[in-house]
Amino acid sequence: MRFRRPAAVSAVALLCLAGATGIAQARPDSLYAPSAMVLSVAQGDDTAAATIVRATTLSCAPGARGTHPDPQAACAALKSSAGSFDRLLSEPDPDRACPMHYAPVTVSAVGVWEGRRVAWDHTFANSCTMAATLNGNAVFAF
């Protein structure tokens, strides 16, 4: 009996260690939910057929980075809107006059915000209306 007890204790210790190793492997790589997107501005009113004029990448977790010219400001704007791109839009600045011609511009965001999938786009009548509605918002200032 004396020899079986250490063997039983060793077997239990190995099972606990194996279980702890399995748990350790199941942990995520980061404490932050991923937030990485591709933002684009395209000429046209159909996102599938529009011609992309410019695009950038933006990642906000754990730190602000990407090819966006000001990732800190863009991430701060998204954080203040709780990741809602619709909240970035506002009534056009009434002091800004825009021409009444139709040359549609579509902005889009595709990716992940705080672990949730994002697929958002909005079409403006022209680039002046886009600038007046976004009012210098950093997210699409690239």
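In what follows, the structure referred to is the one given above.
S.K.: Got a minute to help me understand the overall build of the protein in this structure?
M.R.: When helices and strands are counted, the protein shows three helices and four strands. Helices and strands in the protein line up, N terminus first, as α-β-β-α-β-β-α. For the protein, buried positions account for 31% of its 142 residues. Residue pairs at least 24 apart in sequence account for 59% of intrachain contacts in the protein once pairs closer than 6 positions are excluded. On the protein, roughly 9200 Å² of surface is accessible, and the fraction owed to carbon and sulfur atoms is 59%.

S.K.: How do you make sense of helix H3 (residues 127-134) when you look at a structure like this?
M.R.: Given 3.6 residues per turn, any residue in an α-helix points the same way as the ones three and four places further on. Of the residues making up H3, those classed as buried are Cys128, Met130, Ala132, Thr133 and Leu134. Residues of H3 that are buried in the fold lie against strand S1 (36-43), strand S2 (51-59), strand S3 (105-113) and strand S4 (116-124). Directly beyond the C-terminal end of H3, a positive phi value near 45° is found at asparagine 135.

S.K.: What exactly am I supposed to notice about the state of the cysteines here?
M.R.: What we call a disulfide is simply a covalent bond connecting the sulfur atoms of a pair of cysteines. For the structure on display, the rule yields two disulfides. Paired through a disulfide, cysteine 98 and cysteine 128 show a sulfur-sulfur distance of 2.1 Å. Here cysteine 98 and cysteine 128 share a disulfide; its torsion about the S-S bond, -80°, makes the bridge left-handed. Residue cysteine 98 is located in the loop between helix H2 (71-80) and S3, and its partner cysteine 128 is located in helix H3; the two are separated by 30 residues in the primary sequence. Residue class for cysteine 98 comes out partly exposed when judged on its relative accessible area of 25%. In the protein, the bonded cysteines, taken in the order they occur along the sequence, pair up as 1-2, 3-4.

S.K.: I'm lost on H2 in this one. Help?
M.R.: For H2, the set of buried residues is Pro71, Ala74, Cys75, Ala77 and Leu78. All buried residues of H2 project into a common sector of 160° when viewed along the axis, lining one side. Exposed residues pointing more than 90 degrees away from the buried face of H2 are listed as Lys79 and Ser80. Residues of H2 that are buried in the fold lie against S1, S2 and S3. After H2 finishes, the residue alanine 82 shows a positive phi value of roughly 55°.

S.K.: Where do I start with the sheet that holds S4 in this structure?
M.R.: Across a sheet, strands are paired by hydrogen bonds formed along the backbone, either parallel or antiparallel in direction. Here four strands make up an open sheet; going across it, the order is S2-S1-S3-S4 and the pairing antiparallel. In this open sheet, the two strands that pair with only one neighbour each are S2 and S4. Strand-to-strand twist across the sheet, computed as the mean angle between neighbouring axes with direction ignored, equals 10°. Two strands pair when backbone bridges link them, and S3 and S4 are joined in this way by nine bridges, in the antiparallel orientation. Of the residues in S4, the one forming a bridge with tryptophan 113 is arginine 116. The strands that H2 touches are S1, S2 and S3; relative to S2, the one it contacts most, it runs at about 85°. Across the sheet, H3 touches S1, S2, S3 and S4, and the angle it forms with S4 is around 125°.

Procedures and definitions
Residues numbered from 1 in each chain as written. Predicted model: local features only at pLDDT ≥ 70, side-chain atom pairs only at ≥ 80, totals over all residues. Heavy atoms only, no water. Helix = DSSP H or I, 4+ residues; strand = E, 2+ residues; numbered from the N terminus. Buried < 20%, exposed > 50% of the residue type's maximum accessible area, 1.4 Å probe, protein only. Contact = heavy atoms within 4.5 Å. Areas by Shrake-Rupley, 256 points an atom, 1.4 Å probe, with all protein chains shown as cover. Disulfide = S-S within 2.5 Å. Arc of directions from axis to C-beta. Pairing = 2+ DSSP bridges. Axes fitted to C-alpha atoms, helices over the stretch in contact; angles between N-to-C directions.

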